[in-house]
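# Descriptive analysis of the structure
Given next are the chains, with one letter for each unit.
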Amino acid sequence: WSSDVCSSDLVARIVSGTNSTRVSLAVPQTISVNPGLNSTTGISTGTIDVDGYYLAAALAGLFVGQDDVYIPITHKVVNGLAGIPNQMSTSTSTTVQSLGGTVVRQRTDGTIYVRHGLTTDITNWLTQEISINAIGDRLAYNVQYAIEGSAVIGSPLTQTTLTSLQSIVMSTLQRAVTDNLIQSYQDPTFTINPSNPTTVNV
């Protein structure tokens, strides 16, 4: 982006078309990397500027490289990058963040860090955080895996089935608390689906 005004305007246009907890927009669109030594000459090639999708890949690697999904990438150092050419101002970075951009900045000591790991849906704190959305996905997967691994699905729908289902879900939620995936939960309800009495709504 050639100017601060252009960058915040472009981010606003991109985000307005997505507004999704499944999308993160990595900013800025150009970063510098050091490709290393020239294989022919053995001399350092210096830094080169590359497109922002390398930044997006670096952020994805940063996120999946952490100990668990509940750890945010906010204020984490992004390794493997050499610099940010023509870094936008702090105030423009704040504006871009307020629009749903995940802004990466370079500190005076040269380290490159994530200001705030966001999705493009900044409606509220539950939708805007990459890590919180990932927690929801992991919890849903854990519950589904536990239920599918049991004998509940495909068994006759009796009170025993409901009791077993309740036990599976509750133990999965409690394990999620123990593993620090979630902080707490409210007791779920278990009801026969009125429009399809062969299924249970949890």
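Please refer to the structure placed before this passage.
Residues numbered from 1 in each chain as written. Predicted model: local features only at pLDDT ≥ 70, side-chain atom pairs only at ≥ 80, totals over all residues. Heavy atoms only, no water.

### What to know about helix 6 (residues 159–178)
For helix 6, with 20 residues, the first-to-last C-alpha span of 28 Å sits near the 28 Å given by 1.5 Å per residue. Within the sequence span of helix 6, burial applies to Thr161, Leu162, Leu165, Ile168, Val169, Thr172, Leu173 and Ala176. Down the axis, helix 6 shows its buried residues gathered within 130° of arc, on one side only. Turned more than 90 degrees from where helix 6 packs its buried face, Gln159, Thr160 and Thr178 sit exposed. In this structure, the buried side of helix 6 is in contact with helix 5 (130–148), strand 6 (191–192) and strand 7 (200–201). The backbone nitrogen of threonine 160 lies 3.3 Å from a side-chain oxygen of the residue at the head of helix 6, namely threonine 158. Residue asparagine 180 follows helix 6 closely and has a positive phi angle near 65°. (Helix = DSSP H or I, 4+ residues; strand = E, 2+ residues; numbered from the N terminus. Expected span 1.5 Å × (residues − 1). Buried < 20%, exposed > 50% of the residue type's maximum accessible area, 1.4 Å probe, protein only. Arc of directions from axis to C-beta. Contact = heavy atoms within 4.5 Å. Polar contact = N/O pair within 3.5 Å; in protein donor to acceptor, adjacent residues only side chain to side chain.)

### What to know about the packing of aromatic side chains
For the coordinates displayed, the defined rule picks out two aromatic pairs. Between the NZ or CZ atom of arginine 107 and the centre of the ring of tyrosine 113, over which it lies, the distance is 3.9 Å. (Phe/Tyr/Trp six-rings, centres within 6.5 Å; stacked < 30°, edge-to-face > 60°. Lys NZ or Arg CZ within 6 Å of the ring centre and 35° of its normal.)

### Overview of the nonpolar core
Taken as a class, soluble globular proteins show a tendency for nonpolar side chains to be buried jointly. By size, the foremost hydrophobic cluster in this structure holds 33 residues, and its most contacted members are Leu59, Val78 and Val104. A total of seven residues in this core trace back to one element, the largest contributor, which is helix 5. If you look at the next biggest cluster of nonpolar residues, it comprises five residues, including Leu25, Val27, Val96 and Val103. (Core = buried A, V, L, I, M, F, W, Y, C linked by side-chain atoms within 4.5 Å.)

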